[in-house]
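Observations on the three-dimensional arrangement
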Amino acid sequence: MAESAYREQAGERAAAASAMLLLQLAASQAEIGPFARRGRETPQMAAGLYRAAALRARTGLGRHG
């Protein structure tokens, strides 16, 4: 019985570690949190970039305009 509980705890720890790794990978890909590029590290800066992108999309300029 103790061996079964040990295996279950080990499985839970492995799942938690995998979830953390996936979360960090997603943050890295989205360039948020500690993975943010310079100028995007604060919520205010990120919001400003979002607003600028939304304005460009609304006016039809797209990303390169």
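Provided above is the structure to which this section pertains.
Reading the values: rules and limits
Here, residues in each chain are numbered from 1, in the same order as that chain's written sequence. At least 70 in pLDDT is required for a residue's local features to be given in this predicted model, at least 80 for side-chain atom pairs to be given and counted, and no such filter applies to totals for whole chains, interfaces and linings, which use all residues. Only heavy atoms go into the side-chain values, all of them from the structure, while hydrogens and water stay out. A run of DSSP states H or I qualifies as a helix once it reaches four residues; a run of E qualifies as a strand once it reaches two. Both are numbered from the N-terminal end. Only protein chains enter the accessibility calculation, which uses a 1.4 Å probe; a residue is then buried when its area is under 20% of its type maximum, exposed when over 50%, and partly exposed in between. With residues, only the protein chains shown are counted as cover, and all accessible areas are computed by Shrake-Rupley using a 1.4 Å probe. Expected helix span is computed as 1.5 Å times (number of residues minus one).

**Describing the overall build of the protein chain**
Helices and strands together make up the secondary structure of the protein chain, namely two helices and zero strands. Within the protein chain, buried positions represent 3% of all 65 residues. Counting only carbon and sulfur atoms, one obtains 61% of the accessible surface of the protein chain, whose full area is about 5,800 Å².

**Remarks on helix α1 (residues 2-30)**
The terminal C-alpha atoms of α1 lie 42 Å apart, and with 29 residues this matches the ideal 42 Å at 1.5 Å per residue to within 8%. Glutamate 31 sits one or two residues past α1 and shows a positive phi near 55°.

**Quick look at helix α2 (residues 43-59)**
Counted at 1.5 Å a residue, the expected span for α2 with its 17 residues is 24 Å, and the 24 Å between its end C-alpha atoms agrees. In the segment just after α2, glycine 60 is the residue with positive phi, at about 80°.

**Re the environment of glutamine 24**
Structurally, glutamine 24 is set in helix α1. Expressed as a C-alpha distance, the spacing of glutamine 24 and phenylalanine 35, which sit eleven residues apart in the sequence, is 8.6 Å.

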